[in-house]
Amino acid sequence: MEGGATAPAALRVHHVSIHYGQTSAIADVCLDVRQGAYLGLIGPNGGGKTTLLNGILGLIPLTSGTVEIFGQTPQAARGLVGYVPQHTTLNRRFPITVAEAVLAGRIPPGTRPFFRYTTEDRDAARQVIRRLGLERLARRQASQLSGGEFQKMLLARALVSQPKLLLLDEPTANVDAPSRVSIFELLQTLRQDMTILLVSHDLLDIVTRVDSIACINRTLLYQGEPALDADRMEQVFGSRVGLQLPGQPTGRPPKTARQEGVPCWRQF
Amino acid sequence: MLEAILTYRFMQNAALAALLGSEVCGIMGVIIIEKKLVMMSGGIAHTSYGGVGLGYLLGIEPIFGAFLFSVLAALGIGVLKRRDVARSDVLISLFWALGMACGILFIAMMEGYPPDISAYLFGSILSVTRADLLFILCLTVAVAAVFIALYADWQVFLFDEDFARTRGVNTKRLDTLLMVLIAVTVVVLIRVVGIILVLALLTAPAATAALFTTRLKTRVWLAIGVSALYSFGGLWLSYRLDIASGAAIVMLAVACYLLSLLLVRLRGGKPAKAA
């Protein structure tokens with residue numbers, strides 16, 4: 001499933017501005033994500049990536065503008081969206097097993113007294129746990145997982161509700177290299193079934209894996225092919241960082257980039 | 001002490017109050033620690049002193065005044081925190097001090113000799129009346145019922161509040177409910193250990209339980225058991241040594257927690273940081 005230009009919109013961010021008090025976090029952001037797209041959202045720290053994601057999810061109010069998910073408001077489209085948060089926003093030491101955490105992805109909206117998960121919910125959780133290779137960890141406490149295992153658990157929790165749009169906020173932060181590869185392989189298989197919007201500060205992750213990118217630094221600066229020249233990098237990140245493919249003259253690329261033989265970036 | 005419990009009405013009341021207090025401690029202690037609301041609970045507890053003073057001034061049961069002030073403080077801090085009016089530690093400290101100041105003022109406004117408020121400050125489980133007990137029973141049942149009825153919601157809310165919101169869970173309502181439950185818990189525990197010592201009984205049993213189990217339900221049950229152990233142990237110490245019951249319960253709770261921590265460390269265990 002490819003996110004072609006003619007595909008209907010999965011996500012439409014229309015002139016969105018978000019303020020925290022008197023401070024503007026993002027201003028007049030417009031973003032269209034077609035169904036089936038695999039989009040990377042990049043930008044510097046404090047550039048508004050997570051704020052935009054929170055606005056899309058309806059976690060924070062928009063100062064102006066609108067967000068549509070499959071033509072609906074974020075609240076109405078809740079069942080169509082899967083969300084993998086940054087690991088820093090949750091209670092990592094909370095006493096919960098992997099199976100319980102994944103099952104929690106099936107929690108219904110509102111507050112329902114005496115709610116119990118159905119057999120269907122449990123089957124869905126088992127299936128996604130199996131799909132992500134987490135069977136042997138299902139009974140383990142979330143607090144005992146490695147960074148990579150924890151992220152996979154969060155991914156499983158997001159997938160258990162069978163979303164059509166998957167939003168991931170820095171899913172590979174604090175994850176070792178093998179786990180990072182494994183997570184991206186998973187996302188590669190998932191893109192057959194859903195639209196993916198991935199927020200990452202890691203440029204390598206973005207340019208080598210996604211179909212398109214959107215660069216944000218307070219406002220949307222670029223949306224298109226995952227190719228960034230030095231001028232655009234300076235515009236986005238405020239410094240002359242450029243992307244180069246192997247074979248082109250480079251400076252000293254990071255060791256991981258050399259090992260994996262993937263495009264690398266260097267500081268000018 | 002068993003003989004005294006069987007013989008004397010006030011000892012029966014004390015034992016029942018200890019048992020009911022343990023239940024709310026077990027449930028709410030775990031939630032408070034996981035949600036990092038220990039200082040918030042301390043603020044609410046101390047604010048209730050204003051209600052005790054108001055109760056004496058108006059000639060009503062001080063525990064009802066404490067209930068009113070605790071709930072208002074919990075809701076007030078909750079609303080102001082959510083609206084990001086000021087830092088939560090600032091709000092907590094202001095409510096804390098304001099409640100204490102109100103209590104002092106109300107008692108000073110009374111005619112004649114001021115009442116002995118040490119039972120509310122430091123607890124007096126041996127002076128719990130049947131009316132107190134009935135009130136405590138109602139509050140305890142309410143806390144347990146709300147916890148059990150919304151268990152699935154609490155689990156998601158305590159683990160990852162943002163995710164809960166993206167799923168449409170009414171986290172605002174849960175947050176408000178949690179504040180009210182903390183207020184209720186404080187009121188239950190005021191008669192057991194007093195306003196000043198309430199924090200120890202709210203945290204020590206749950207923190208001890210966290211050293212030995214990593215499952216939420218087990219932790220709650222264990223915290224209830226540990227809290228009952230501390231309460232009855234403290235009551236026994238108070239009975240045998242003729243010392244203040246609230247202080248005896250708290251000293252035993254803190255000593256047992258530190259001992260448990262030491263044991264876990266000596267056995268090479270790595271206690272959870274929540275504990």
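On a predicted model such as this, the values are computed, not experimentally measured, just so you know. (Residues numbered from 1 in each chain as written. Chains lettered and ligands numbered in written order. Predicted model: local features only at pLDDT ≥ 70, side-chain atom pairs only at ≥ 80, totals over all residues.)

Caption draft 1: Representation of the overall build of chain B. Secondary structure summary: chain B contains 13 helices and zero strands in total. In terms of overall dimensions, chain B is globule-like: its C-alpha atoms have a radius of gyration of 19 Å, near the 19 Å expected for 275 residues. In terms of principal-axis extent, the alpha carbons of chain B reach across some 55 × 45 × 30 Å. With 275 residues in all, chain B has 52% of them scored as buried. The long-range fraction of contacts in chain B, counting pairs at least 24 apart against all pairs at least 6 apart in sequence, stands at 73%. (Helix = DSSP H or I, 4+ residues; strand = E, 2+ residues; numbered from the N terminus. Rg over C-alpha atoms; globule rule 2.2 N^0.38 Å. Buried ≥ 20, exposed ≤ 12 C-beta atoms within 10 Å, placed from the backbone. Contact = placed C-beta atoms within 7 Å.)

Caption draft 2: Representation of the pairing of strand β6 (residues 165–169) of chain A in the model. Residue and element names in this part refer to chain A. Taking burial as the measure, the five residues of β6 include five buried ones, the bulk of the element. Of the two faces of β6, the one carrying Leu-165, Leu-167 and Asp-169 and the one carrying Leu-166 and Leu-168 are both buried. Relative to β6, strand β5 (residues 81–84) is paired through four bridges, and the arrangement is parallel. Opposite Val-81, over in β6, you have Leu-165 as the bridge partner. In this sheet, strand β7 (residues 195–199) lies alongside β6 in parallel orientation, the contact comprising five bridges. (Pairing = 2+ DSSP bridges.)

Caption draft 3: Local environment of helix α8 (residues 151–159) of chain B. Of all the nine residues making up α8(B), eight are buried; the element is thus mostly covered by neighbouring parts of the structure. Here α8(B) has its buried residues at B:Ala152, B:Asp153, B:Trp154, B:Gln155, B:Val156, B:Phe157, B:Leu158 and B:Phe159. Tucked inside the fold, the buried residues of α8(B) contact α2 (98–103) of chain A together with α2 (9–34), α7 (130–149), α9 (161–166), α10 (171–193) and α12 (216–241) of chain B.

Caption draft 4: Main features of the sheet that holds strand β2 (residues 23–34) of chain A. Residues and elements named next belong to chain A. In spatial order, the strands read β2-β1-β4; together these three strands make up an open sheet with antiparallel pairing. The strands lining the two open edges of the sheet, one partner per strand, are β2 and β4 (64–69). On average, each strand axis in the sheet is tilted by 15° relative to the strand beside it, whichever way the strands run. Each of β1 (9–20), β2 and β4 touches helix α1 (residues 49–57); the most contacted strand, β1, lies at about 115° to it. (Axes fitted to C-alpha atoms, helices over the stretch in contact; angles between N-to-C directions.)

Caption draft 5: Looking closely at unusual backbone geometry. For A:His15, which is not glycine, the phi torsion reads 50° and is therefore positive. Its place among the elements puts A:His15 in strand β1. The class for A:His15 is exposed, based on 12 C-beta atoms found within 10 Å. For B:Asp242, which is not glycine, the phi dihedral falls at a positive 55°. The topology assignment puts B:Asp242 in the loop between α12 and α13 (245–266). Judged by local crowding, B:Asp242 falls into the exposed class, with 7 C-beta atoms found within 10 Å.

Caption draft 6: Quick look at the sheet that holds strand β3 (residues 38–42) of chain A. Residues and elements named next belong to chain A. With mixed pairing, six strands are arranged side by side in an open sheet as β5-β6-β7-β3-β8-β9. Of all the strands in the sheet, just β5 and β9 (219–224) have a single pairing partner and so form its edges. Here the strands of the sheet are splayed against their neighbours by 15° on average, with no regard to which way each runs. Seen against the sheet, helix α4 (residues 147–159) touches β5 and β6 and runs at an angle of roughly 165° to β5.

Caption draft 7: Representation of the interface of chain A and chain B in the model. Each partner contributes to the interface: chain A provides 25 residues, whereas chain B provides 27 residues. Elements with a minimum of two residues in the side of chain A that touches chain B: β5 and α2 of chain A.

Caption draft 8: A look at the confidence of the model for chain B. The pLDDT averaged across chain B works out to 91; a share of 97% of its residues lies at or above 70. Per the prediction output, this complex has pTM 0.85; the corresponding ipTM is 0.83. (pLDDT = per-residue confidence, 0-100.)

Caption draft 9: Region of interest: the nonpolar core. A:Val102, B:Ile182, B:Val198 and B:Leu201 are the most contacted members of the largest nonpolar core, which has 168 residues in total. Ignoring anything within four residues of it in the chain, the contact list for A:Val102 reads A:Ala125, A:Val128, A:Ile129, A:Met153, A:Ala156, A:Arg157 and A:Val160. (Core = buried A, V, L, I, M, F, W, Y, C linked by C-beta atoms within 7 Å.)

Caption draft 10: Seen up close, the packing of α12(B) against α13(B). Residues and elements named next belong to chain B. It is at 8 Å that the axes of α12 and α13 come closest, and there the two elements cross at 125°. Of the possible angle classes, the one that applies to α12 and α13 is oblique. Where α12 crosses over α13, the handedness of that crossing is right-handed. Side by side, α12 and α13 meet where Tyr-230, Ser-231, Gly-233, Gly-234, Leu-235, Leu-237 and Ser-238 of the first sit next to Ser-245, Ala-248, Ile-249, Leu-252, Ala-253 and Cys-256 of the second. Its residues placed into classes, the contact of α12 with α13 shows eight nonpolar, five polar and no charged. (Parallel < 35°, antiparallel > 145°, perpendicular 65-115°, else oblique. Left-handed = near helix turned anticlockwise from the far one by under 90°. Nonpolar A, V, L, I, M, F, W, Y, C, P; charged D, E, K, R; others polar.)

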